[in-house]
Amino acid sequence: KDIKPVKSDYRIVSDSLFAPFEFQNSSKKYVGIDVDLMQAIAKNQKFNITMDFVGFQTAIDQTQASHADGMIAGMSITDERKKVFDFSDPYFTANATIAVKSTTTNIKSYKDLKGKTVGVKNGTASQTFLDKNKDKYGYSVKVFDAADTMYESLNTGSIDAFMDDEPVVKYAILQGKKFATPLEPEKIGEYGFAVKKGTNPELLAMFNAGLAKLKANGQYDTIVEKYMGNTD
Ligand code: GLN
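This is a predicted model, so every value here is computed, not measured.

For the coordinates displayed, the defined rule picks out 18 aromatic pairs. Cluster of aromatic residues (ring-pair linked, three or more members): Phe18, Phe21, Tyr91, Phe92, Tyr191, Phe193 and Phe207. Looking at Lys215, its charged tip hangs above the ring of Tyr220, at a distance of 5.0 Å from the centre.

Written as structure tokens, this is what we have:
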């Protein structure tokens, strides 16, 4: 049975730069796995969306303030977030990992981060992990709003490492960034589409129904393959 939209247009917010899930292509158009997935699901389930790429923490804030109907931003489903968000079925699995410059040879374990500065994006599961283990390993944390400034800071040496999701770091390396991932990645949960807890139940149901259809008809795989391991 079809689920019916109750709004003529749903505003979906996302990260500003989280390639290959959302990023601007050479013509400044936002593309990526999250973008194509969301659009394909909206088309499949016959509802209208507007997507805005506001940055991760801002996407969280706007969804919590009901300024957005939902968010898709490579967002990990965590127990902490489940208190304030309702999540869709998971659509991707990703760990988080420490990244260093490819020329860095003295960081091989968390202990080696003692006295070092580790960058992280505001509001992320990586930030929660780094804050929790800060005293144990003796590093300091530097928070960024977006990935581009964080990557730049590693290149210029104002941070010694950063923590981000593994597929995103791997993609950046594929794109030519001189990063390395010398540590074991951390499990931070699977990605889900999220709405503010208790709101837009039909939107969540349509997302799940659309995702199931896309997985069954091969469109999901086509979208993921289009962006993973593709350096275009
Ligand atoms: N998966 C991570 C999280 O949910 C990072 C998401 C992101 O940076 N867009 O916190």
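So that's the structure; there's more coming.
Time to look at the packing of helix α1 (residues 33-45) against helix α7 (residues 201-217). It is the contact of α1 with α7, at a shortest axis distance of 9 Å, that shows an interaxial angle of 100°. Viewed along their axes, α1 and α7 adopt a mutual orientation that is roughly perpendicular. The residues of α7 that touch α1, namely those facing Leu37, Met38, Ala40, Ile41, Asn44 and Gln45, are Met206, Phe207, Ala209, Gly210, Leu211, Lys213 and Leu214. A class-by-class count of the residues in the contact of α1 with α7 yields nine nonpolar, three polar and one charged.

Next up on the list: the site of the ligand. Contacts to the ligand come from 14 residues, most closely from Gly74, Arg81, Lys121, Ala125 and Asp165. Contact distances for the ligand include 2.8 Å between an oxygen atom and a backbone N or O atom of Ser76. In isolation the ligand has 290 Å² of accessible area, and contact with the protein removes 100% of it. Among the residues making up the shell around the ligand, the classes are represented as seven nonpolar, three polar and four charged. Residues from two domains meet in the shell around the ligand; each of domain 1 (10-91 + 192-227) and domain 2 (94-188) gives at least three.

This brings us to the side chain of Glu22. As for its position among the elements, Glu22 is in the loop between β1 (10-14) and β2 (23-24). Lys121 is the oppositely charged side chain nearest to the buried, salt-bridge-free Glu22, at an N-O distance of 6.8 Å. Among the polar contacts made by the side chain of Glu22, one reaches the side chain of Ser14 at a distance of 3.3 Å. Ignoring anything within four residues of it in the chain, the contact list for Glu22 reads Ser14, Asp15, Leu17, Val31, Gly32, Asp34, Val35, Phe53, Ile72, Ala73 and Gly74.

Before going further, it helps to examine the nonpolar core. If you look at the biggest cluster of nonpolar residues, it comprises 47 residues, and the most contacted ones within it are Tyr91, Phe162 and Phe193. Residue contributions to this core peak at seven residues, all from α1. Summarising the domain contributions, this core has at least three residues from each of domain 1 (10-91 + 192-227) and domain 2 (94-188). The contacts of Phe162, once residues within four sequence positions are left out, are Thr97, Ile98, Ala99, Val118, Gly119, Met150, Tyr151, Leu154, Val169 and Phe179. In terms of nonpolar packing, the next biggest core, distinct from the first, is built from 17 residues, Ala96, Ile98, Val100 and Leu130 among them.

If you check the domain split of the protein, you get domain 1 (10-91 + 192-227) and domain 2 (94-188). Computed from C-alpha coordinates alone, the two centres of domain 1 and domain 2 are separated by 25 Å. With 17 residues of domain 1 at the contact, the number on the domain 2 side is 14 residues. Between domain 1 and domain 2, roughly 1100 Å² of surface is buried when both sides are summed, and carbon and sulfur atoms account for 58% of that area. Of all residues in domain 1, Leu17, Phe18 and Gln57 bury the most surface against domain 2, accounting for 35% of the area lost on that side. Counting the contacts that link domain 1 with domain 2 gives one salt bridge. Where Asp15 meets Lys121, a salt bridge forms, and the shortest distance between an N and an O atom there is 2.6 Å. Inspection of the region where domain 1 meets domain 2 yields two residue pairs in polar contact (both at pLDDT 80 or more). Examining the composition of the side of domain 1 that touches domain 2, we find that three residues originate from one element, helix α2 (residues 56-64), more than from any other. Looking at the side of domain 1 that touches domain 2 residue by residue, the classes come out as ten nonpolar, five polar and two charged.

What counts, and where the lines are drawn
- Residues numbered from 1 in each chain as written.
- Predicted model: local features only at pLDDT ≥ 70, side-chain atom pairs only at ≥ 80, totals over all residues.
- Heavy atoms only, no water.
- Phe/Tyr/Trp six-rings, centres within 6.5 Å; stacked < 30°, edge-to-face > 60°.
- Lys NZ or Arg CZ within 6 Å of the ring centre and 35° of its normal.
- Axes fitted to C-alpha atoms, helices over the stretch in contact; angles between N-to-C directions.
- Helix = DSSP H or I, 4+ residues; strand = E, 2+ residues; numbered from the N terminus.
- Parallel < 35°, antiparallel > 145°, perpendicular 65-115°, else oblique.
- Contact = heavy atoms within 4.5 Å.
- Nonpolar A, V, L, I, M, F, W, Y, C, P; charged D, E, K, R; others polar.
- Near = heavy atom within 4 Å.
- Polar contact = N/O pair within 3.5 Å; in protein donor to acceptor, adjacent residues only side chain to side chain.
- Areas by Shrake-Rupley, 256 points an atom, 1.4 Å probe, with all protein chains shown as cover.
- Domains from an automatic or database assignment.
- Buried < 20%, exposed > 50% of the residue type's maximum accessible area, 1.4 Å probe, protein only.
- Lys, Arg positive; Asp, Glu negative; His and termini not counted.
- Salt bridge = Lys/Arg side-chain N within 4 Å of Asp/Glu carboxyl O.
- Core = buried A, V, L, I, M, F, W, Y, C linked by side-chain atoms within 4.5 Å.
- Buried area = accessible area lost by both parts, 1.4 Å probe.

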